[in-house]
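Each chain, written out:
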Amino acid sequence: MIEVTDQNFEILYPKIEETLKNATFFSMDTEFSGIKTDFFVKESLFDSPNERYAKLKNNIKPFIIIQFGLTAFQHVREQNTYNAQTFSFYLLPRSIPSKNRHFLWQITSLEFLSIYKFDFNKFAYDGISYLNEVDEIDLKNNLQEDILMQNLERLLCNRDADELKNSRNVVADWLIQKIEPPAVLEIVSESQFLQYLMEKELRNQFPDIWTYSGKKTVTVMRIGKDERQELELKEKGRLEEKLLNYYIGFSKVFKLLVKLKKPIVGHNSLVDLMYMHQQFYKPLPKKYTIFKKNIHELFPTVFDTKFLSYEIRNFLKKEEKFSSNSLNTLYYYFKNEKGRFLSLHSPKICSETYLKNDEDKFHDAGWDSYCAGYCFIRLAHIFAAKKRGEGSNYKPMTNIEILNGVKSFSNRINIIRGNVPYLNFGGPDPVSERPQWLVVQPKGSKTFCVSEIAELLSSYGSVDVKPFNSRYALVAVSNHRSARDILQHFKSHAEIQILFYNPVRHSTKVKIFCWSSLIISGCIISLILHRRS
């Protein structure tokens, strides 16, 4: 895979752009600085799509994507092949003078990434900048209104202020010397923002010079008055444009993905999409429905291989099924195990940027993005072969036929342990097919705690328990068989009673509402009868 950092991003961008434009579809993956601010907030079978979104939104807000993996797959019909090129981007936000940008590290994420040999030096020293649309507009306005130059003392730390002052002194001393043109002066400066300020300041202070900046230097050259006027007209706004472009950085790639509107693939990608919205587009909205609408407008066709893997298990024979649908298990299942033989003429997948030592680099965003795309092709081809029937045995399929095999599953995003099996970004979310909630009530004066109930019911499958009031606890069960087994087993239990939850019977609020409605209705009827009499 190709690692992309601040050092080579501008050089590689034309290749990245060309690769993405020629791609049939993309697959992506991300690594984060953290994912949970509150350890005690967990996914629950009680969670509706709105509730799950609210939980995730509050938890991920202070964290960032630190590595973004992107693989472009291009279909070559004549060869029945998908060629893949993988890019792994290290990302680091740059300080904006007018805004205090910050993020958190979660220690467990730090430890996790260390186990998988994440290169923290590339992140810290060579991470690529990025801006979401809100920050981009703020910075653009500050540059247009020259607010940065008007607030130098407040914006600069002591070291940068000294470096800027020193550059003025160096140029002043250099100009006094009797050196004939085209002699030039180079001033070392590693900060892009400081280079911008240095060029602005030197041009303002010295009318007989012009400046250019490179990766780590500002070059000063002597010029005449007429040449200076020509350059000022020709280069007007270039400094601001260059600085803004540097800050936007990786967001150019995100904007290109949005512009191209090609299918994008991820594995268990809800959190990835939320981070992308927050980091490269806009802060996450309060309402889940707005977030869903935004993502669908940005990426009209999204496939989640985690969701597809659940769907394909529905028609696999017992001996054909994979042991789990984690990304690494799925990848090896399709690459080395039974998944290779599930359909004839499955396309060959070749990676132009794949090296042998890249394999087993799971939890590197680049490698994981490649694996997600690899699994997607295998899954889509199996669905397409089943859809075509016996005709799939005779010739390879086109890319359109392969993608049509999973068309009905587009924009369905897996949700872990919720009250619905997936989120539908392309339409209404599905109605929950989970069993009706159960309610647990102690018999007599005995009391219980939630953890006791959860432990008591744990042998019946996935269950979640939460307190409802002083007398009741609610239980959410993952499947109807487990619910029936629980009700049957505890039918004659000596200490607790378990029934299906009934809002009218068990909810105090509903009871109050019903009684209030009856009283009000009775009063209205009495008043009508009284007037008639």
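The structure under discussion appears in the preceding block.
Residues numbered from 1 in each chain as written. Predicted model: local features only at pLDDT ≥ 70, side-chain atom pairs only at ≥ 80, totals over all residues. Heavy atoms only, no water.

**Concerning the overall build of the chain**
(1) Moving on: Each helix and strand counted, the chain has 22 helices and 16 strands in total.
(2) Moving on: Residue burial in the chain is summarised as follows: out of 533 residues, 50% are buried.
(3) Moving on: On the chain, roughly 28000 Å² of surface is accessible, and the fraction owed to carbon and sulfur atoms is 53%. (Helix = DSSP H or I, 4+ residues; strand = E, 2+ residues; numbered from the N terminus. Buried < 20%, exposed > 50% of the residue type's maximum accessible area, 1.4 Å probe, protein only. Areas by Shrake-Rupley, 256 points an atom, 1.4 Å probe, with all protein chains shown as cover.)

**Here we look at the nonpolar core**
(1) Moving on: Ranked by internal contacts, the top residues of the largest apolar core, which has 58 residues, are F68, F89 and F291.
(2) Moving on: With eight residues, the single largest contributor to this core is helix α13 (residues 270-281).
(3) Moving on: Aside from chain neighbours lying at most four places away, what touches F68 is M28, D29, T30, F87, S88, F89, L91, F250, M276, F280 and A365.
(4) Moving on: In terms of nonpolar packing, the next biggest core, distinct from the first, is built from 40 residues, M1, Y331, Y374 and A384 among them. (Core = buried A, V, L, I, M, F, W, Y, C linked by side-chain atoms within 4.5 Å. Contact = heavy atoms within 4.5 Å.)

**Focus: helix α11 (residues 238-248)**
(1) Moving on: Within α11 the residues assigned to the buried category are L239, E240, L243, L244, Y246, Y247 and I248.
(2) Moving on: Looking at the packing, one finds that the buried side of α11 touches α5 (133-144), α9 (192-205) and α12 (251-260).
(3) Moving on: In the stretch just after α11, G249 is the one whose phi turns positive, near 45 degrees.

**Things to note about the packing of aromatic side chains**
(1) Moving on: For the coordinates displayed, the defined rule picks out 44 aromatic pairs.
(2) Moving on: Relative to F120, the ring of F118 has its centre 5.0 Å away and its plane inclined at 70 degrees; by these criteria the two rings are edge-to-face.
(3) Moving on: According to the relative accessible area criterion, F118 is buried, its value standing at 10%.
(4) Moving on: With centroids separated by 6.2 Å and ring planes inclined at 50 degrees, the aromatic side chains of Y370 and Y374 adopt a geometry described as tilted. Of this pair, Y370 and Y374 both sit in helix α17 (residues 365-388), four residues apart, which is roughly one turn of that helix.
(5) Moving on: In this structure Y370 comes out as buried when scored by relative accessible area, which is 6%.
(6) Moving on: Y374 gets classed as buried once you look at its relative accessible area, which sits at 7%.
(7) Moving on: Above the plane of the ring of Y374 lies R378, whose end atom (NZ or CZ) is 4.9 Å from the centre. (Phe/Tyr/Trp six-rings, centres within 6.5 Å; stacked < 30°, edge-to-face > 60°. Lys NZ or Arg CZ within 6 Å of the ring centre and 35° of its normal.)

**A look at the packing of α5 against α11**
Relative orientation and spacing of two packed helices are given, respectively, by the angle between their axes and the distance between those axes.
(1) Moving on: Where α5 meets α11, the axes come as close as 10 Å, and the angle between the chain directions of the two elements is 160 degrees. Between α5 and α11, the interaxial angle falls into the category roughly antiparallel. The crossing of α5 and α11 is right-handed. Here E136, L139, K140 and L143 of α5 lie close against α11, whose contacting residues are E240, L243, L244, Y247 and I248.
(2) Moving on: In the contact of α5 with α11, the residues fall into six nonpolar, no polar and three charged. (Axes fitted to C-alpha atoms, helices over the stretch in contact; angles between N-to-C directions. Parallel < 35°, antiparallel > 145°, perpendicular 65-115°, else oblique. Left-handed = near helix turned anticlockwise from the far one by under 90°. Nonpolar A, V, L, I, M, F, W, Y, C, P; charged D, E, K, R; others polar.)

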